[in-house]
Number of protein chains: 2
Amino acid sequence: MDRRNFVRNLAVGGAATAATTAASAQSDNLPTIKWRVQNSYPKSLGEIYQLQQDVMDSIGQMTAGKFTCQFFQANEIVPVPAMVNAVGNGTIEAAYSASLFYIGINKAFAFGTGVPFGMNARLQYAWLRFGGGSELLDKELYSQYGVMHIPSSSTGAQMGGWFRKEIKGLKDLEGLKMRVAGLGGEILSAMGVIPQMIPPSDIYTSLEKGTIDAAEYAIPVGDEKTNLQRVTKYYYTQGFWDYTNQLCFFVNRDHWKKLPEGYRKAFLAAAGAYNADGLAYADAFNMPALQRIIASGIQVKAMPQDIIARGYEVAMDFYAAESARNPIFKKIHDHYMKFRDDAYRWYSLNETPLDVFVGNAVARSRKR
Amino acid sequence: MDRRNFVRNLAVGGAATAATTAASAQSDNLPTIKWRVQNSYPKSLGEIYQLQQDVMDSIGQMTAGKFTCQFFQANEIVPVPAMVNAVGNGTIEAAYSASLFYIGINKAFAFGTGVPFGMNARLQYAWLRFGGGSELLDKELYSQYGVMHIPSSSTGAQMGGWFRKEIKGLKDLEGLKMRVAGLGGEILSAMGVIPQMIPPSDIYTSLEKGTIDAAEYAIPVGDEKTNLQRVTKYYYTQGFWDYTNQLCFFVNRDHWKKLPEGYRKAFLAAAGAYNADGLAYADAFNMPALQRIIASGIQVKAMPQDIIARGYEVAMDFYAAESARNPIFKKIHDHYMKFRDDAYRWYSLNETPLDVFVGNAVARSRKR
């Protein structure tokens, strides 16, 4: 791969030329362009939504108001599950979403977000940005639907979710009715769970009534706002099915090609800055949120090791089975897992041992 | 902290107003501004330098050529150790550097980069961005020198470095002549090492002649280019003195205030996008580089545990001693370590256990 060229033309599809660069230096000649961009999050998310709104606003500010992206909240123009198609057919120019919301179209959509026992936030993004992941996803998958993607922020490892009863081991998953999205549902189903498809708005009532026994959601800084701590007793760490949750903008390919290069750079830079910023927001505010959740009377527990170990086997079996029937899934899976294996050989030599050491040192110093 | 306001006005010093926003919508009224920005890296770094050049170039592209930042390589205008002062007195408008290069001015400069047994790349950035770290550093330290900072990329955990002889434990550090920069020199000195201040250009010859016994440098993707594998036998992982290396732009505060808001947004977004991108570059290419280093005949070893454990004690003693004599150091240290302790309580619950599990699973699958 010619990395330098990739950097300059990320997701541009080769349309950037010296001519457009020269043209963009003449600001008076630049067209006024207005895009409509729909978010997959509601405004009720508060500060996180505002951060995403700031990403959109900054594009207009950088281009002297000539390229503006009007932001709409979840479902305001089209339902979230229809957003990829709406971007592809030009109903909206772009959408901010998670690729895994579209695994109903093709399970390979999961790789844009992260898969169970795939990669953590840093390595998932490294695969997309410099490991050939973005190019592969755009070529093999997204282009079939008229869209391309621009990665923008991730959550880090999500929690295992909210449970009415304690989960002491694998056998406690048998018959457990759990709200779970994405490939996690496939994995947990093979472990005895009865996955329930429930929209976020109905989770609280379902847990309160006991219609379901458990629900996975996201990370403490978001979970706290759901108030699920009022209708459950346990909050489990290590939701291995969402080891990270990389988000992205889906962009209509034809509209992207028509943008002057300076507008593309503004979009890429604004979205790109949010990669580290969104994750930093989670890293800074998860612990305070978790402390408040604990103070409300919830017990925080680690997912039992036998569940994690069995989950890994089931996930690898699932990938093998899906690869056998879905050539696009297989192509992306094999590329993703080869990168994962190489990246973890490095990460486990140098990063994880220091994370373990410092984490233990901090824990010890608190006990004194 | 009003986080929303912080997001909108990062490092702006309150100068952004509705008036400048309105003005920036009139592109024809926007001034042509040219900045000179010096890098602390040389062009010989290759692709990484080019990525940094792209950050600069994109600012010009976003602003239709009206705000351009000419990039100079290390030492081209002023020596790297003089860059903070050169930015502060306006000799250059900005510089791309590591805060720790300036610990000769005040040891508190180390916190902008990361300190021994401080935080990993993600958490260091979270502290800066949303933990109040950037504001504290600018207020207590950088503003005294006429500069402010904008974080932009980090290396992740660095290697322990290159050694001519095997290090089996703490006693092997006694009298070891080692090239080491930053606070690591203070820590290793208290462990028996005789730190040597040697510019990067002289490391190779010093190791070849045996004038020094060891040298820490950076990460495999950069270290490989030094060819130190030709004049040493061992390459150690887990350089705890550089748990991460957060880089930043130092910017002259008066020049920043004079920028139209759209130009500031362009600089912030371009620099901000490189936070995740620079780290992703390292994460994607460290392992291939390490594999080539191993193929050249070098033995890769883990830093012995007794050295890491003793290093932690020595580091904590050093922080206490420096805090007692340096009130700015104490103020920033206490804030930094409180954030570290909270952040690791979360990270150790949810991220590290999954990193350990997947790392082990990958290692096992290779042995089959």
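Analysis parameters
Residues numbered from 1 in each chain as written. Chains lettered and ligands numbered in written order. Predicted model: local features only at pLDDT ≥ 70, side-chain atom pairs only at ≥ 80, totals over all residues. Heavy atoms only, no water. Helix = DSSP H or I, 4+ residues; strand = E, 2+ residues; numbered from the N terminus. Rg over C-alpha atoms; globule rule 2.2 N^0.38 Å. Buried < 20%, exposed > 50% of the residue type's maximum accessible area, 1.4 Å probe, protein only. Contact = heavy atoms within 4.5 Å. Lys, Arg positive; Asp, Glu negative; His and termini not counted. Charge placed at Lys NZ, Arg CZ, Asp CG, Glu CD. Buried area = accessible area lost by both parts, 1.4 Å probe. Salt bridge = Lys/Arg side-chain N within 4 Å of Asp/Glu carboxyl O. Polar contact = N/O pair within 3.5 Å; in protein donor to acceptor, adjacent residues only side chain to side chain. UniProt positions renumbered as here; feature names shortened; annotations may be inferred. Phe/Tyr/Trp six-rings, centres within 6.5 Å; stacked < 30°, edge-to-face > 60°. Lys NZ or Arg CZ within 6 Å of the ring centre and 35° of its normal. Pairing = 2+ DSSP bridges. Axes fitted to C-alpha atoms, helices over the stretch in contact; angles between N-to-C directions. pLDDT = per-residue confidence, 0-100. Parallel < 35°, antiparallel > 145°, perpendicular 65-115°, else oblique. Left-handed = near helix turned anticlockwise from the far one by under 90°. Nonpolar A, V, L, I, M, F, W, Y, C, P; charged D, E, K, R; others polar. Least-squares fit on C-alpha atoms with pLDDT ≥ 70 in both.

1. Some remarks on the overall build of chain A
- Within chain A one finds 14 helices and 11 strands.
- For 368 residues, the compact-globule estimate of 2.2 N^0.38 gives 21 Å, and the C-alpha radius of gyration of chain A, at 21 Å, lies within 12% of that figure.
- Evaluated residue by residue, chain A yields a buried proportion of 63% over its 368 residues.
- Here the analysis covers contacts within chain A between residues at least 6 apart in sequence; of these, 78% occur between residues at least 24 apart.
- Between the averaged position of the 39 positive side-chain charges in chain A and that of its 34 negative side-chain charges there is a distance of 2 Å.

2. Topic: the interface of chain A and chain B
- At the interface, 90 residues of chain A touch 90 residues of chain B.
- Both sides of the chain A and chain B interface together cover about 8100 Å² of buried area, and 63% of this is carbon and sulfur.
- On inspection of chain A and its partner chain B, the count reaches four salt bridges.
- Notably, a salt bridge pairs aspartate 277 of chain B with arginine 129 of chain A, separated by 3.1 Å at the nearest N-O pair.
- Remark: the boundary between chain A and chain B carries 22 residue pairs in polar contact (both at pLDDT 80 or more).
- Mapped onto the side of chain A that touches chain B, the elements with two or more residues apiece are helix H1 (3–8), helix H2 (18–24), helix H3 (47–62), helix H5 (121–130), helix H11 (261–295), helix H12 (305–325), helix H13 (327–350) and helix H14 (352–367) of chain A.

3. Notes on the UniProt feature "binding site: substrate" (unreviewed entry) in chain A
Residue and element names in this part refer to chain A.
- Sites flagged by UniProt as "binding site: substrate" (unreviewed entry) map to Gln158, Arg179, Glu216 and Asp242.
- Mapped onto the elements of the fold, glutamate 216 is located in the loop between strand S8 (214–215) and helix H9 (220–223).
- On the accessibility criterion, glutamate 216 (2% relative accessible area) is buried.
- Glutamate 216 has contacts with Gln158, Gly160, Gly161, Met178, Arg179, Val180, Ala181, Trp241 and Asp242, leaving out every residue within four places of it along the chain.
- Within the secondary structure, aspartate 242 is located in the loop between strand S9 (234–237) and strand S10 (246–252).
- Each residue touching aspartate 242, except ones within four places of it in the same chain, is listed here: Leu100, Gly156, Ala157, Gln158 and Glu216.

4. Description of the packing of aromatic side chains
- Inspection of every chain in the model, using the stated rule, returns 63 aromatic pairs over all chains.
- Between tryptophan 35 of chain B and phenylalanine 67 of chain B, the aromatic rings sit 5.3 Å apart at their centres with planes inclined by 90°, giving edge-to-face as the arrangement. A residue pair is termed long-range when its members are at least 10 positions apart, and tryptophan 35 of chain B in strand S1 (residues 33–39) and phenylalanine 67 of chain B in strand S2 (residues 67–72) qualify at 32 residues.
- The class for tryptophan 35 of chain B is buried, based on a relative accessible area of 3%.
- Pairwise contacts between aromatic rings join Trp35, Phe67, Tyr96, Phe249, Trp256, Tyr263, Phe267 and Tyr274 of chain A into one cluster.
- Its guanidinium or amino end placed over the ring of phenylalanine 130 of chain A, arginine 129 of chain A lies 4.7 Å from that ring's centre, counting from NZ or CZ.

5. Re the sheet that holds strand S3 (residues 94–97) of chain A
Residue and element names in this part refer to chain A.
- Ordered by their spatial adjacency, five strands build an open sheet running S2-S1-S3-S10-S4, and the pairing between neighbours is mixed. Of all the strands in the sheet, just strand S2 (67–72) and strand S4 (147–154) have a single pairing partner and so form its edges. Across this sheet, the average inter-strand angle for adjacent strands is 25°, counted without regard to direction.
- Direction of pairing for S4 relative to S10: antiparallel, over a ladder of six bridges.

6. Here we look at the confidence of the model for chain A
- Per-chain confidence: chain A averages 92 in pLDDT, with 92% of residues scoring 70 or above.
- Segment residues 1–25 of chain A is flagged for pLDDT under 50; beyond a separation of four residues in sequence, or across chains, it makes 40 contacts in the model.

7. A word on the packing of H12 of chain A against H13 of chain A
Residues and elements named next belong to chain A.
- The N-to-C vectors of H12 and H13 enclose an angle of 140°; their axes lie 6 Å apart at closest approach. When the axis of H12 is compared with that of H13, the two are oblique. Considering how the two elements wind past one another, H12 and H13 form a crossing that is left-handed. Contacts between H12 and H13 pair Tyr312, Met316, Phe318, Tyr319, Glu322, Ser323 and Arg325 from the former with Pro327, Phe329, Lys330, His333, Met337 and Arg340 from the latter.
- When grouped by side-chain class, the residues that make up the contact of H12 with H13 number seven nonpolar, two polar and four charged.

8. Focus on the relation of the copies chain A and chain B
- Superposition record for chain A on chain B: RMSD 0.0 Å, screw rotation 180°, translation along axis 0.0 Å. In symmetry terms, the pair is related by a two-fold rotation axis. No C-alpha of chain A lies nearer the rotation axis than that of alanine 273 of chain A, which sits 1.9 Å from it.
- Taken as a fraction of all interface residues of chain A, those also at the interface in chain B reach 100%, which identifies the copy contact as same-surface.

9. Observations regarding unusual backbone geometry
- Backbone geometry at phenylalanine 117 of chain A places phi at a positive 55°, although glycine is not the residue there.
- Tracing the backbone shows phenylalanine 117 of chain A in the loop between S3 and H5.
- Take phenylalanine 117 of chain A: its relative accessible area is 1%, and that puts it in the buried class.
- Its identity is not glycine, yet asparagine 75 of chain B carries a phi of approximately 70°, on the positive side.
- Tracing the backbone through its elements, the reader meets asparagine 75 of chain B in the loop between S2 and helix H4 (83–88).
- You can call asparagine 75 of chain B partly exposed: its relative accessible area is 48%.

10. With respect to the UniProt feature "binding site: Na(+)" (unreviewed entry) in chain A
Residue and element names in this part refer to chain A.
- Sites flagged by UniProt as "binding site: Na(+)" (unreviewed entry) map to Tyr217.
- As for its position among the elements, tyrosine 217 is in the loop between S8 and H9.
- Its relative accessible area of 27% is what places tyrosine 217 among the partly exposed residues.

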